[in-house]
Amino acid sequence: MEGILACVLILLISVVSCIIKIRMKKKLDKGIELPPGSMGWPYIGETLQLYSQDPNVFFASKQKRYGEIFKTHVLGCPCIMLSSPEAARFVLVTQAHLFKPTYPKSKEHLIGPSALFFHQGDYHIRLRKLVQGSLSLDSIRNLVADISSTAASTLDSWDGGHVLNTFQEMKKFSFEVGILAIFGNLEAQYREELKRNYRIVDKGYNSFPTSLPGTPYRKAVLARKRLSKILGDIICERKEKRLLEKDLFGCLLNSENEKGELLTDDQIADNIIGVFFAAQDTTASAMTWIAKYLHDNQKALEAVKAEQNAIRKLNDENNQPLSWSQTRNMPFTRKVVLESLRMASIISFTFREAVADVEYKGYLIPKGWKVIPLFRNIHHNPEYFIDPQNFDPTRFEV
């Protein structure tokens with residue numbers, strides 16, 4: 001019986017591979033070639049090679065062999081990899097309408113299907129404007145004092161001589177700032193309930209998706225349902241009070257499209273959680289790496305401390321909080337942040353899917369294939385950054 005099943009499986013894989021090859025041949029007959037590269041074994045492609053070594057080494061070796069654009073087959077999908085700033089801009093900016101964001105269904109289920117990055121077209125544009133407007137520099141300007149106060153409270157909580165996990169502490173801090181930016185002043189009860197359930201969702205986000213009771217993913221699904229209930233209660237309360245707040249939550253709550261239609265409660269909840277997912281881990285990771293790089297580079301650390309101490313001394317003398325203008329006048333600190341983001345490359349790559357056959361630099365990107373801009377490869381390429389493995393904030397002086 002096992003032998004028969006094995007034969008059937010091999011036959012199915014062969015048939016699927018043949019169908020894919022036939023479709024690709026029809027496209028190639030048009031005169032446009034696929035990028036160079038290797039597709040590996042049928043179905044599994046080069047997934048085993050990807051996971052058996054450092055992914056950055058895997059992609060770097062491919063780039064060195066094939067150039068800035070190459071094909072591969074990983075995670076069950078044929079992919080086109082792009083490793084130049086021009087290519088990334090082509091996919092994400094100038095021709096973004098030809099490529100749609102794509103996520104595994106298990107992750108979409110936890111965030112919420114109405115989150116803006118699962119959509120294209122008018123709905124996506126509407127939500128993106130709302131989010132960008134609510135989290136713009138003008139909006140953040142009014143939050144500087146509150147964020148500074150939250151940072152001070154976080155630092156005070158670290159006193160006591162106990163060992164801390166830097167990344168986890170940064171996640172707690174970024175979540176508090178996220179609450180502030182999204183809701184403004186939120187009741188402590190709601191804040192704690194959101195925090196507790198979001199942590200469960202976050203823990204199960206990258207776990208194996210299964211509905212078996214007790215598994216991290218199943219717990220995350222249940223916590224996600226509780227988050228919807230909590231956000232629903234906050235929505236009802238805001239509606240009853242007829243509050244017209246200018247924070248993100250207020251903007252989502254009061255936004256109307258050209259037909260005068262408001263967003264549904266589920267759409268609001270999905271996009272609130274989507275913003276948390278998009279911001280918390282990346283922000284916490286960035287702050288953790290900044291702390292690490294400063295720890296390893298005493299000269300840079302002393303320069304940052306001198307810059308910050310000068311601002312703190314001035315504020316102490318005048319009994320005033322940190323101001324927006326002061327955050328815009330931290331030249332060396334800003335260079336440290338930029339260099340840390342380059343070195344760490346918090347988001348190494350992103351997934352897109354071609355919605356039509358696309359030609360780029362004489363190569364075919366077939367419809368339905370995944371397209372992956374490799375940000376880390378760009379940030380660590382000596383053609384763009386001299387001595388890329390060296391932490392050097394002064395490179396951003398020019």
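How each quantity is defined
Residues numbered from 1 in each chain as written. Predicted model: local features only at pLDDT ≥ 70, side-chain atom pairs only at ≥ 80, totals over all residues. Heavy atoms only, no water. Buried < 20%, exposed > 50% of the residue type's maximum accessible area, 1.4 Å probe, protein only. Helix = DSSP H or I, 4+ residues; strand = E, 2+ residues; numbered from the N terminus. Pairing = 2+ DSSP bridges. Disulfide = S-S within 2.5 Å. Salt bridge = Lys/Arg side-chain N within 4 Å of Asp/Glu carboxyl O. Expected span 1.5 Å × (residues − 1). Polar contact = N/O pair within 3.5 Å; in protein donor to acceptor, adjacent residues only side chain to side chain. Contact = heavy atoms within 4.5 Å. pLDDT = per-residue confidence, 0-100.

**Q** Tell me what's going on with the pairing of strand S7 (residues 370-373), and back it up with residues and numbers.
**A** Within a regular strand, side chains alternate between the sheet's two faces. The alternating pattern of S7 places Lys370 and Ile372 on one face and Val371 and Pro373 on the opposite face, and all of these are buried. Bridge count for strand S4 (residues 352-354) against S7 is two bridges, and the pairing is antiparallel. Directly across from Arg352, in S7, lies its bridge partner Val371.

**Q** Before we move on, can you summarise the state of the cysteines with the specific residues and values?
**A** Scanning the entire structure with this criterion turns up zero disulfides. In this structure Cys77 is a free cysteine whose sulfur lies 5.7 Å from that of Cys79, the closest cysteine sulfur available.

**Q** How would you explain the pairing of strand S1 (residues 69-74) if you had to name every residue and give the values?
**A** Most of S1 is tucked away, with six of its six residues classed as buried. Side chains Ile69, Lys71 and His73 of S1 all project onto a buried face; the interleaved residues Phe70, Thr72 and Val74 project onto the opposite face, where all are buried too.

**Q** Residues and numbers for the pattern of salt bridges, please.
**A** Across all of its chains, the model carries 21 salt bridges by this definition. When the shortest N-O distance is used, the salt bridge between Arg224 and Asp270 registers 2.5 Å. Remark: Asp270 occurs in helix H13 (residues 265-296) and Arg224 occurs in helix H11 (residues 216-241); sequence separation between them is 46 residues. A relative accessible area of 7% means that Arg224 is categorised as buried. When the shortest N-O distance is used, the salt bridge between Glu397 and Lys335 registers 3.8 Å. With Glu397 in the segment after helix H17 (375-379) and Lys335 in helix H16 (residues 331-344), this pair connects stretches of sequence that are 62 residues apart. Three or more residues joined by partner-sharing salt bridges are found here, namely Glu176, Arg191, Glu192 and Lys195.

**Q** Would you mind going over helix H9 (residues 166-183) in detail, with residue names and values included?
**A** Taking 1.5 Å of rise per residue, 18 residues should cover 26 Å, and H9 covers 26 Å from first to last C-alpha, within 8% of that figure. Taking burial as the measure, the 18 residues of H9 include 13 buried ones, the bulk of the element. Where H9 begins, the side chain of Asn165 points an oxygen toward the backbone nitrogen of Phe167, at a separation of 3.2 Å. Backbone geometry just downstream of H9 places Gly184 in the positive-phi region, at approximately 75°.

**Q** Please set out the environment of Glu86 residue by residue, giving values where relevant.
**A** Positionally, Glu86 belongs in helix H4 (residues 85-94). If we ignore the near neighbours within four places in the chain, the residues touching Glu86 are Tyr360 and Tyr384.

**Q** Lay out the confidence of the model for the chain in plain terms, naming residues and giving numbers.
**A** The share of residues in the chain with pLDDT of 70 or more is 91%, and the mean pLDDT across the chain is 86. Taken as a whole, residues 1-22 scores under 50 in pLDDT and shows three contacts with residues more than four places along the chain or in a different chain. Overall, residues 24-29 carries pLDDT values under 50, and its contacts beyond four positions in sequence, including any with other chains, amount to 11 contacts.

**Q** Can you tell me about the environment of Pro36, naming the residues and giving the values?
**A** For Pro36, the position within the fold is in the loop between helix H1 (2-28) and helix H2 (47-51). Looking at Pro36, the relative accessible area reads 26%, which means it is partly exposed. Each C-alpha atom, one on Pro36 and one on Arg65, is 9.3 Å from the other, the two residues being 29 residues apart in sequence. Aside from chain neighbours lying at most four places away, what touches Pro36 is Tyr66, Ile69, Phe70, Lys71 and Tyr363.

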